[in-house]
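# Chains, contacts and geometry: an overview
Chain residues, written in single-letter form:
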Amino acid sequence: MATKKQNTTVINRVLRWVRNLLIFFFTSTILAVVILKYIPVYVTPLMLIRACEQVVDGKSPTIRHEWVPLEQINHNLPQAVMASEDNLFLKHSGFDLEQIQKAQIEAQEGKRQRGASTISQQTARNVFLWQHRSWFRKGLEAYFTFLIEIIWGKERIMEVYLNSIEMGPGIYGAQAVAEANFGTSADKLTKDQSAYIAVSLPNPLKRDSGHPTAKMRTMHNTVLKRMNQIDQFPKEACAR
């Protein structure tokens, strides 16, 4: 009888611990998303990881990043990244189910794995998580994507994305890449420059938007065409 009571006590303690852990997780994550709706994201996990990698490689850690509000980013850039990365950004609720299904089919057929992450998913991953792929991270990514879609909305997601995404070695965000690769500011980025930045995003450590390869120039032309075919990003939120 005593053993049965002891087992019941242990189970109850474990259940209380799990309950408290879940309450803490949901409370802290929702609070973090709410706070970051209103304040700039000055540092991300990827920035810190890359800085550590630079130190391991014997280099000085470099993080070029300057937060600028969405209205100080030329409207060409969000249009270009939508054309290149997520042309249904303004229509979906965080997930492009058609692209996810295509990626799964290609993986089953043994084809080269490609990304199917939306801008919302990439933003959630950049701000709250790490880059290494796993089912656990994918689950958390889906959770944070749902939260930012509900709490932030499209304009805030795009603002955070364009300020936090990796755009070159040690370069993060629109203002930093504009200065480093084009000698200008984010509000003065041209259509061509924005398209080159967009095609560099899938592999910014190897694709230099300031010195495009022949392949990048071909991709750039495709992005320029798509920019005129997709929905325009809300004009009142972007500089001209």
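Here goes a summary of the coordinates provided. (Residues numbered from 1 in each chain as written. Predicted model: local features only at pLDDT ≥ 70, side-chain atom pairs only at ≥ 80, totals over all residues. Heavy atoms only, no water.)

## Thoughts on the overall build of the protein chain
- Along the protein chain, the regular secondary structure elements total 10 helices and 3 strands.
- In sequence order, the secondary structure elements of the protein chain are arranged as α-α-β-α-α-α-α-α-β-β-α-α-α.
- Looking at the protein chain as a whole, 42% of its 240 residues qualify as buried.
- In the protein chain, the share of contacts with a sequence separation of at least 24, taken over all contacts with a separation of at least 6, comes to 72%. (Helix = DSSP H or I, 4+ residues; strand = E, 2+ residues; numbered from the N terminus. Buried < 20%, exposed > 50% of the residue type's maximum accessible area, 1.4 Å probe, protein only. Contact = heavy atoms within 4.5 Å.)

## Some thoughts on the side chain of S185
- Structurally, the position occupied by S185 is in the loop between helix 8 (174-182) and helix 9 (191-200).
- Judged by relative accessible area, S185 falls into the buried class, the value being 18%.
- In this structure S185 touches Q175 and A178, once residues within four positions along its chain are discounted.

## Quick word on the pattern of salt bridges
- Within this structure, the stated rule accounts for 9 salt bridges.
- R125 is the salt-bridge partner of E141, the closest N and O atoms lying 2.9 Å from each other. Here E141 is found in helix 6 (residues 135-151), whereas its partner R125 is found in helix 5 (residues 119-128), with 16 residues between them in sequence. Grouping residues by exposure puts E141 and R125 together as buried.
- As a salt-bridge pair, D187 and K188 come within 3.7 Å of each other at their nearest N and O atoms.
- Using a relative accessible area of 30% as the deciding quantity, one classes D187 as partly exposed. (Salt bridge = Lys/Arg side-chain N within 4 Å of Asp/Glu carboxyl O.)

## Focus on the sheet that holds strand 1 (residues 64-65)
- Taken together, 3 strands build an open sheet; the order of strands is 1-3-2 and the sheet is mixed. If you trace the sheet from one side to the other, it starts and ends with strand 1 and strand 2 (166-168), each paired once.
- Bridge count between strand 2 and strand 3 (residues 171-172): 2 bridges; the pairing is antiparallel. Across the sheet, the residue bridging to G168 is I171, located in strand 3. (Pairing = 2+ DSSP bridges.)

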